[in-house]
Amino acid sequence: MNKSSNLYKDIATGLFFATGIFSFLSGQFVLSTLFFGAASLFSNIQVAKPVRI
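This structure is a prediction, so every number in the text was calculated from the model and none was measured. (Residues numbered from 1 in each chain as written. Predicted model: local features only at pLDDT ≥ 70, side-chain atom pairs only at ≥ 80, totals over all residues. Heavy atoms only, no water.)

Trainee: What should I look at first to understand the side chain of T13 in this one?
Mentor: Note on placement: T13 falls in helix α1 (residues 3-25). A polar atom in the side chain of T13 sits 2.8 Å from the backbone oxygen of K9. In contact with T13, not counting residues within four places along its chain, are A39, F42 and S43. (Helix = DSSP H or I, 4+ residues; strand = E, 2+ residues; numbered from the N terminus. Polar contact = N/O pair within 3.5 Å; in protein donor to acceptor, adjacent residues only side chain to side chain. Contact = heavy atoms within 4.5 Å.)

So this is what it looks like as structure tokens:
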């Protein structure tokens, strides 16, 4: 897997998780659940590799 795609994936997962924590602390529980779910899904997505013939 490409290192840059891992970096972008880790940054996006971290941003979703941090935004979920801030939403939870401010009392927006539905929005925080959405961000925690997005972080969970995004961390488990396998990034496709380009096919080489």
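Trainee: It is not clear to me how the packing of aromatic side chains should be interpreted in this structure. Could you clarify?
Mentor: Aromatic ring pairs are reported here in terms of the distance separating the ring centres and the angle at which the planes meet. A full pass over the atoms with the stated rule returns four aromatic pairs. Relative to F29, the ring of F24 has its centre 5.3 Å away and its plane inclined at 65°; by these criteria the two rings are edge-to-face. You can call F24 partly exposed: its relative accessible area is 46%. In this structure F29 comes out as partly exposed when scored by relative accessible area, which is 48%. Here the aromatic cluster, defined as three or more aromatic residues joined through ring pairs, consists of F16, F35 and F42. (Phe/Tyr/Trp six-rings, centres within 6.5 Å; stacked < 30°, edge-to-face > 60°. Buried < 20%, exposed > 50% of the residue type's maximum accessible area, 1.4 Å probe, protein only.)

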